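# Inside the fold
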Amino acid sequence: MSSAKRCFKRREFLQSMAVLGAAAAAPVVLPGKVLGFDGAVAPSEKINLGAIGIQSRGWHDLMVFCRRNDVQFKAICDIQKKQRVKIKDWADEKNGDKACGAYKDMHEMLQRDDLDAVLIATGDRGHTMASITAAKYGKDVYCEKPLSLTIEESRALANAVNRYGIVYQAGTQRRNIGNFMLAAEIAQSGKLGKLTEVHANTLWPATTQDWLPAEPEPAPDDVDWDLWLGSCPWRPYNSRYVAGGWRGHFDFHGGGILEWGSHTVDLCQWAAERDDTAPVKYTPQFNDDGSKGGEVYAWYADGLKLVMRSSGWLGLGTCSARYVGEEGWVETGDSGRMMVSSDALRSELKYFGMPGTDPITHIAEFCECVKTRRNPAANANAAAQSHIASHCAYIAWQLGRTVEFDPVKEEFLNDDDANRMRSRALREPYTM
């Protein structure tokens, strides 16, 4: 019997032990039982978890998973020996044994029959490949954002998730954070009137093609540079890349629109009920002196406007979103606070103490979905569409002109230059 089939047999048992999920509602205070922190759980009923590429954000996610009584952490995969050793030692001390597996190559870890799910928190360059590989092995996936570096990768990932029938949760946790949930509900309820604009907080779009100076390459067991690069074009080793300094480099990063847009464009698509599509027109904005600005405006087929901008926000926290209708607006951000346009709307508001960066409720929903096989809020189809919108906006910004896009065919209209930018060459043998 294949490892994927054995994994699904285990999931059939886990499904029968499903508990209430945290995503069905957004209370200000969530009880520990709902979040999986209270009560004993038999080992046979636990979700066996592996992790791939764990540093800062991944470490935070892993701590949330491991605080749950229905999760057992079993294996770590990392191309850096110091990270493998650090996390294995921590897990062994926590579990009171020496059983946590440590791997350099994700294929070796994913072949294990006893893993149900994996946390993927590599750098952006590795998210798509690791997620597709995990799906092929029948493992459910919780993957940090952005999920892809191109339009092609976004679609390939969603297709793989659907083909192999796994549960996939993108790490766009704000879909399970109370203030963002309430803002989306207000937008969808008609209390703002007909929606006319949705605004996504993004960063400066640009990346660089420059290389950092070459340094002596470490031994492969210490840092496997070939595995670290994966499908990205070869370049000389520099320790700053591995330490997190890959951001801003085009080969490894999708730019500032994607960096935050994977959250905030996603929030706009969700609030506007556009999870199955993307805008059809994208126009970069320019300063009065003719230089490029950081904003991109986009329009859906029915005329709804999507504004991607870094400035002009009300100070409600990072990754803010604003929804504007004919009769009012609502804005919120990572602080948990919300602002609205009128006293009539103010009675709708609550204060949610959980910051928008906290993945507790999002991970709780993922664990429930592993057991029930329900599709989670930040599923691969919804995440792919918001990423595609972000990629289109960055392509328009790079070209410095308006582009038009067919969200069904996922092609730009009569635009060879833009169409060539839908994908990137993948270095052998790291291909999809």
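The following refers to the structure shown. (Residues numbered from 1 in each chain as written. Predicted model: local features only at pLDDT ≥ 70, side-chain atom pairs only at ≥ 80, totals over all residues. Heavy atoms only, no water.)

### Points about the overall build of the protein
- Within the protein one finds 15 helices and 15 strands.
- A globule of 432 residues ought to have a C-alpha radius of gyration of about 22 Å, and the protein, at 21 Å, matches this closely.
- For the protein, with 432 residues in total, the buried portion stands at 57%.
- Long-range pairs, those at least 24 residues apart, make up 70% of the contacts in the protein with a sequence separation of at least 6.
- With an accessible surface of roughly 17,400 Å², the protein has 51% of that area assigned to carbon and sulfur atoms.
- Taking the average place of the 51 positive charges on the side chains of the protein and the average place of its 56 negative ones, the gap between the two points comes to 4 Å. (Helix = DSSP H or I, 4+ residues; strand = E, 2+ residues; numbered from the N terminus. Rg over C-alpha atoms; globule rule 2.2 N^0.38 Å. Buried < 20%, exposed > 50% of the residue type's maximum accessible area, 1.4 Å probe, protein only. Contact = heavy atoms within 4.5 Å. Areas by Shrake-Rupley, 256 points an atom, 1.4 Å probe, with all protein chains shown as cover. Lys, Arg positive; Asp, Glu negative; His and termini not counted. Charge placed at Lys NZ, Arg CZ, Asp CG, Glu CD.)

### Remarks on the packing of aromatic side chains
- Per the stated rule, a full pass over the model turns up 14 aromatic pairs.
- Aromatic side chains W59 and W90 sit 5.4 Å apart centroid to centroid with 70° between the ring planes, which places their arrangement in the edge-to-face category. Taken together, the positions of W59 in helix 3 (residues 56-67) and W90 in helix 4 (residues 81-95) put the pair 31 residues apart, joining distant regions of the chain.
- Among the residues examined, W90 registers a relative accessible area of 22% and is labelled partly exposed. (Phe/Tyr/Trp six-rings, centres within 6.5 Å; stacked < 30°, edge-to-face > 60°.)

### Notes on the pairing of strand 12 (residues 328-332)
- Among the five residues of strand 12, four are classified as buried, and the element is accordingly described as predominantly covered.
- By the bridge criterion, five bridges tie strand 11 (residues 321-325) to strand 12 in an arrangement that is antiparallel. Among the inter-strand pairings, Y323 is bridged to a residue of strand 12, identified as V330.
- In this structure, the hairpin formed by strand 11 and strand 12 is closed by a connection of two residues.
- By the bridge criterion, three bridges tie strand 12 to strand 13 (residues 338-340) in an arrangement that is antiparallel. Counted as the bridge partner of T332 is M338 from strand 13.
- The turn joining strand 12 and strand 13, which pair antiparallel and follow one another in sequence, is formed by five residues; a positive phi near 90° is taken by G336. (Pairing = 2+ DSSP bridges.)

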